[in-house]
Amino acid sequence: MLAAVYNGVNQLDLLEHSIRQLKGGEVLIKVSYCGVCGTDHHIISGKAPAKIPVILGHEFSGVIVDKADNVNEIQIGDKVAVDPNIFCGKCKYCRKAMVHFCENHHALGVTLDGGFAEYAVVPSSQIYSLPNEFDLSLAAFAEPLSCCLRGIKQADIKPGDTVAIIGGGAIGLMMIQLVKLSGAAKVILVEPIESRKKIGLKLGADIAFSPDDKNLV
Ligand SMILES: [Zn+2]
Ligand SMILES: [Zn+2]
């Protein structure tokens, strides 16, 4: 298969890569879609750590094409979304339900091979089966959307609030929609790129302006 392999700072190589044998509890996914995250940029530019070499990509969806004998809850042909964050469940933080501080945390596409490839081997515990009619291009948003949902919870938006969103990238554009669903009366997007401002307005922002705009009042 073809895979985009991170081989060190500023080195992302598109290579022919073998598909490794499945171990117990694992499934093989034919990757349909994989998002490009800010984290991928940070890894490639050396600002965030990752294993070397590793297949990057942690926001992916696809179809199950093979599974280990002991995987019963998932069937070949299932459409799936992937949770890339793997927690040990045993350390003191996991036992306090603070898995984001897990001392033995692994992530597909960071410390384990991920979704910038035609196929990905994934533990079945990280898989969410989807209805057959589900659009797999949307399923690739499961991980970034869950980050946004956490942010929305923290922001504690009340009906009628005015909310400013700084940055209209993928996360900012999802936030506009979630902020609206949370009952915000007015949503202001601050974003310098014209095309993103337009999408932001289409998705529910009431006003969009660039940080360079001088005549706002
Ligand atoms: Zn991400
Ligand atoms: Zn842990």
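Residues numbered from 1 in each chain as written. Chains lettered and ligands numbered in written order. Predicted model: local features only at pLDDT ≥ 70, side-chain atom pairs only at ≥ 80, totals over all residues. Heavy atoms only, no water.

### With respect to the coordination of the zinc ion (ligand 1)
Next, step 1: At this site the zinc ion (ligand 1) is bound by Cys-37 (SG), His-58 (NE2) and Glu-59 (OE), with donor distances of 2.1 to 2.4 Å.
Next, step 2: Read in sequence order, the donor residues coordinating the zinc ion (ligand 1) give the pattern C-x20-H-E. We note that His-58, like Glu-59, is buried. (Donors = N, O, S within 2.8 Å, 3.2 Å for Na, K, Ca; no water. Buried < 20%, exposed > 50% of the residue type's maximum accessible area, 1.4 Å probe, protein only.)

### Describing the side chain of Glu-191
Next, step 1: As for its placement among the helices and strands, Glu-191 is situated in the loop between strand 12 (186-190) and helix 6 (194-202).
Next, step 2: A polar contact of 2.6 Å, which involves the side chain of Glu-191, links it to the backbone nitrogen of Gly-168.
Next, step 3: With residues up to four places along the chain from it excluded, the contact list for Glu-191 reads Gly-167, Gly-168, Gly-169, Arg-196, Lys-197, Phe-209, Ser-210 and Pro-211. (Helix = DSSP H or I, 4+ residues; strand = E, 2+ residues; numbered from the N terminus. Polar contact = N/O pair within 3.5 Å; in protein donor to acceptor, adjacent residues only side chain to side chain. Contact = heavy atoms within 4.5 Å.)

### Things to note about the environment of Val-110
Next, step 1: With respect to the helices and strands, the residue Val-110 is situated in the loop between strand 8 (106-107) and strand 9 (119-123).
Next, step 2: Distance in space between the C-alpha atoms of Val-110 and Leu-178 is 27 Å, their sequence separation being 68 residues.
Next, step 3: When sequence neighbours within four positions are dropped, the list of residues in contact with Val-110 reads Ile-43, Pro-49, Ala-50, Lys-51 and Val-54.

### Quick look at the coordination of the zinc ion (ligand 2)
Next, step 1: Around the zinc ion (ligand 2), the donor atoms from the protein are Cys-88 (SG), Cys-91 (SG), Cys-94 (SG) and Cys-102 (SG), and they sit 2.3 to 2.4 Å away.
Next, step 2: Seen from the zinc ion (ligand 2), its 4 donor atoms lie at angles of 104 to 118°, and the figure they make is tetrahedral.
Next, step 3: Sequence spacing of the donors to the zinc ion (ligand 2): C-x2-C-x2-C-x7-C. (Tetrahedral: all angles 85-135°; square planar, octahedral: opposite > 155°, others 65-115°.)

### A closer look at helix 4 (residues 142-155)
Next, step 1: Its 14 residues give helix 4 an end-to-end C-alpha distance of 20 Å, which sits within 8% of 20 Å, the value for a rise of 1.5 Å per residue.
Next, step 2: Among all positions of helix 4, only Glu-143, Pro-144, Cys-148 and Ile-152 are buried.
Next, step 3: Buried residues along helix 4 sit against strand 5 (59-67), strand 7 (85-86) and helix 5 (170-181).
Next, step 4: Just downstream of helix 4, Asp-156 is the residue with a positive phi angle, here 50°. (Expected span 1.5 Å × (residues − 1).)

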